[in-house]
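Here is how the chains run, residue by residue.
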Amino acid sequence: MLPELQKQFMDGLLRKDDRVYKQLDGRIRSAQQQLDIYRNSYQGGLLKAMKDIYPVTQRLLGGEFFEAMCLRYITQTPCQSLDINKYSETFAEFAEQFKPVDELIYLSDVIRLEWGWHRAYQTADITLEDFTPLLSFDSAKLQSLYLSLVPSMTLLASSYPVDLIWSANQNGQADTPENINLDIKPRYFTIWRNGFDSHIDLIEPDLFEFLLSIENKLNLGAIQNNNSNFEKHLVTCLQRSYFSAYHF
Amino acid sequence: MIARNPISGVGIGLRAEHYEYVKREKPTTPWFEVLIDNYLGHGGQIQQHLRDFSELYPLTFHGVGMSLGSCDPLNKNYLGLLKKAINTYQPALISDHLCWTGFQNEYVHDLLPMPYTEEAAQHVADRIIQAQDYLNTQILIENVSSYMQYRTSEMSEAEFVAYVCELADCHLLLDINNIYVSAFNHQFDAKEYLALMPENRIKEMHLAGYEEQGDYLLDTHGQTIHAPVWELYHEAIKRFGARPTLIEWDNDIPEFQVLQQEANKAEQILDRAQTHAA
Ligand SMILES: [Fe+2]
């Protein structure tokens, strides 16, 4: 009885299934009105969360348009996380398919950047493993090693200067992207947090490839075969604390 | 079950907007309630704030993540994080709501009322027992504001609340504003509701402001506490005696001093009740 009631309510709230109406006592207000109050509150809660995560996107689109776009997303995308801070992970992909913003070619990457920034801030702290034993490993042992990126890290490649658009819209400044030259070479970033400080590091394409291979769980032997600057990158990453752990 | 440190007087719900002010001015607020879900599983500055405030003030933990009324299995990951935070910070009280917040991995992040049936009471009480056993402490469950009523209900909300507390042997966080809002929305008598509450289980009360929405009241926590809620609070304190009381504010959050003024008003009501009792 109770599971069925909860199922019907969720279907009513999220998928406009009206089976739940017959479960509700409509003597004071109609079943539809009762459900609408909860639907508004649900959508309002997620909208508030998205406004907090995407201030730059909101500024680029204007408040009203941004809200309408979020509500469209919210209607299509039920919240599947107990932690509301994890909601809207797929908003960038939604934006890519969302016709009305077609002309804002950089928008989905700005969304990815803001999501990465939010994620970096929220992610739980971890203790970094001690990497000094690596120094004593012979080359065969190193080749079979796997590394993990710090969990706060997001890798982002963009054809647009999304970092410049992002910084131009911080601290109450608003710079229109028209003032930023969009016609530049692709840019590569790691967005991550070290202690209390979140970073957006602009990195070389080759280092980006290296990090991507690590994220894709290749061992160092496989990475070395494809990346001639392998050793340089390994040292850079260790110096910058990009890794959290290693295993074989 | 572990006995927790007692608190008294009128606390304030800690919000990010007031972090800096509270750290700088160290107001005389006797305790703060933290919305613990905002800290669980998060790191960096977020955790640091919790550490800082736990050193400055007694804290209570208030959550929505247990979803005690849901038919999903209890979320062990959430409970594990909560237990760790309880062991680290030793909050004076730990509370969640008498409601469900999602089903089959879809979450509404809202407090959905239970049908007031024997089946629902047994179900939610059983989960409260499991949670209390796991956390090794008694918890408080809070009565929620509601905007819907189920046809299948077999008892009143007040009877249901009292019954579940009894079945689960848990404590009660009596939200006075929520009683008033639900009483208005569902046309029941708030004072009769109070009369049914299990006096010895009430360990805390909540006060907040609602919003008028035409023919119903919405529990927005975005305004000062309304006159009829003060009146009902007065009534509750007269009936049950002084209880730790919290001022909650979640939307359009004003300067900290506005919350302090509300806390002072509640403090006066508590003081008057104590002089009468003496
Ligand atoms: Fe409350």
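Conventions we followed
- Residues numbered from 1 in each chain as written.
- Chains lettered and ligands numbered in written order.
- Predicted model: local features only at pLDDT ≥ 70, side-chain atom pairs only at ≥ 80, totals over all residues.
- Heavy atoms only, no water.
- Helix = DSSP H or I, 4+ residues; strand = E, 2+ residues; numbered from the N terminus.
- Buried < 20%, exposed > 50% of the residue type's maximum accessible area, 1.4 Å probe, protein only.
- Contact = heavy atoms within 4.5 Å.
- Donors = N, O, S within 2.8 Å, 3.2 Å for Na, K, Ca; no water.
- Tetrahedral: all angles 85-135°; square planar, octahedral: opposite > 155°, others 65-115°.
- Pairing = 2+ DSSP bridges.
- Disulfide = S-S within 2.5 Å.
- Buried area = accessible area lost by both parts, 1.4 Å probe.
- Salt bridge = Lys/Arg side-chain N within 4 Å of Asp/Glu carboxyl O.
- Polar contact = N/O pair within 3.5 Å; in protein donor to acceptor, adjacent residues only side chain to side chain.
- Nonpolar A, V, L, I, M, F, W, Y, C, P; charged D, E, K, R; others polar.
- Domains from an automatic or database assignment.

## Let's talk about unusual backbone geometry
Residues and elements named next belong to chain B.
Line of reasoning, step 1. Backbone geometry places Asn-105, a non-glycine residue, at a positive phi of 60°.
Line of reasoning, step 2. With respect to the helices and strands, Asn-105 occurs in the loop between strand S5 (100-103) and strand S6 (106-112).
Line of reasoning, step 3. Of note in the backbone geometry, Asp-169 takes a positive phi value of approximately 50° without being a glycine.
Line of reasoning, step 4. Note that Asp-169 resides in the loop between helix H5 (157-168) and strand S8 (171-175).

## Details of the environment of Phe-243 of chain A
Residue and element names in this part refer to chain A.
Line of reasoning, step 1. Within the secondary structure, Phe-243 sits in strand S5 (residues 243-247).
Line of reasoning, step 2. Look at Phe-243 and you get buried, because its relative accessible area is 1%.
Line of reasoning, step 3. Taking the C-alpha atoms as reference, Phe-243 lies 27 Å from Glu-93; in sequence the two are 150 residues apart.
Line of reasoning, step 4. For Phe-243, the residues in contact, after removing those within four places along its chain, are Leu-128, Phe-131, Leu-147, Ser-148, Leu-149, Val-150, Phe-210, Ile-214, Leu-234, Cys-237 and Leu-238.

## Focus on the coordination of the iron ion
All names here are of chain B.
Line of reasoning, step 1. Binding of the iron ion to the protein goes through Glu-142 (OE), Asp-175 (OD), His-206 (ND1) and Glu-248 (OE), at separations of 2.1 to 2.4 Å.
Line of reasoning, step 2. Viewed at the metal, the 4 donor atoms of the iron ion are separated by angles of 82 to 167°, and the geometry they form is irregular.
Line of reasoning, step 3. As a motif over one chain, the donors of the iron ion read E-x32-D-x30-H-x41-E. Residue Asp-175 is located in strand S8, and its partner His-206 is located in strand S9 (residues 202-207); the two are separated by 31 residues in the primary sequence.
Line of reasoning, step 4. On the accessibility criterion, Asp-175 (0% relative accessible area) is buried.
Line of reasoning, step 5. Note on His-206: relative accessible area 0%, which makes it buried.

## Digging into the pairing of S6 of chain B
Looking down a regular strand, the side chains alternate between one sheet face and the other.
Residue and element names in this part refer to chain B.
Line of reasoning, step 1. The buried fraction of S6 amounts to 6 of the 7 residues, a majority that puts the element mostly inside the structure.
Line of reasoning, step 2. Two elements, S5 and S6, share 3 bridges in a ladder whose sense is antiparallel. Within the sheet, the bridge partner assigned to Gly-102 lies in S6 and is Tyr-107.
Line of reasoning, step 3. The antiparallel pairing of S5 with S6 creates a hairpin that spans 2 residues between the two strands, and Gln-104 there sits at a positive phi of about 50°.

## Focus: the environment of Ala-68 of chain A
Residues and elements named next belong to chain A.
Line of reasoning, step 1. Turning to its location among the elements, Ala-68 is positioned in helix H4 (residues 63-76).
Line of reasoning, step 2. Its relative accessible area of 47% is what places Ala-68 among the partly exposed residues.
Line of reasoning, step 3. Spatially, the C-alpha atom of Ala-68 lies 9.7 Å from that of Leu-47, the residues being 21 residues apart in sequence.

## Some details on the state of the cysteines
Residues and elements named next belong to chain A.
Line of reasoning, step 1. This model, assessed by the stated rule, comprises 0 disulfides over all chains.
Line of reasoning, step 2. Not engaged in a disulfide, the cysteine Cys-79 finds its nearest cysteine sulfur in Cys-70; these two sulfurs lie 14 Å apart.
Line of reasoning, step 3. Assessed through its relative accessible area of 0%, Cys-79 is described here as buried.

## Some details on the interface of chain B and chain A
Line of reasoning, step 1. Across the boundary between the two partners, chain B contributes 47 residues, which contact 42 residues of chain A.
Line of reasoning, step 2. Summing the contributions of chain B and of chain A, the shared interface buries around 3,900 Å²; its carbon and sulfur component is 59%.
Line of reasoning, step 3. Among the residues chain B hides against chain A, the three largest losses belong to Glu-106, Tyr-107 and His-109 of chain B. Together they make up 15% of the total.
Line of reasoning, step 4. Linking chain B with chain A are 2 salt bridges.
Line of reasoning, step 5. Linking Glu-106 of chain B and Arg-15 of chain A is a salt bridge whose minimum nitrogen-to-oxygen distance equals 2.8 Å.
Line of reasoning, step 6. The tally of links between chain B and chain A comes to 22 residue pairs in polar contact (both at pLDDT 80 or more).
Line of reasoning, step 7. For the side of chain B that touches chain A, the secondary-structure elements that each account for two or more residues are helix H2 (44-56), S5, S6, helix H4 (118-135), helix H6 (176-186) and strand S11 (216-218) of chain B.
Line of reasoning, step 8. When residues in the side of chain B that touches chain A are grouped by element, the largest group, 7 residues, is from S6 of chain B.
Line of reasoning, step 9. For the side of chain B that touches chain A, the residue count by class is 18 nonpolar, 23 polar and 6 charged.

## As for the domain arrangement of chain A
Residue and element names in this part refer to chain A.
Line of reasoning, step 1. For chain A, the domain assignment lists domain 1 (1-104) and domain 2 (105-248).
Line of reasoning, step 2. Listed per partner, the contact involves 23 residues of domain 1 and 19 residues of domain 2.
Line of reasoning, step 3. In total, about 1,800 Å² of surface goes out of reach between domain 1 and domain 2, with carbon and sulfur atoms giving 64% of it.
Line of reasoning, step 4. Linking domain 1 with domain 2 are 2 salt bridges.
Line of reasoning, step 5. The salt bridge partner of Glu-96 is Arg-112, with a shortest N-O separation of 3.0 Å.
Line of reasoning, step 6. Our enumeration of links across domain 1 and domain 2 arrives at 9 residue pairs in polar contact (both at pLDDT 80 or more).
Line of reasoning, step 7. Elements represented by at least two residues in the side of domain 1 that touches domain 2 include exactly helix H3 (55-61) and helix H5 (91-97).
Line of reasoning, step 8. A per-class count over the side of domain 1 that touches domain 2 returns 13 nonpolar, 3 polar and 7 charged.

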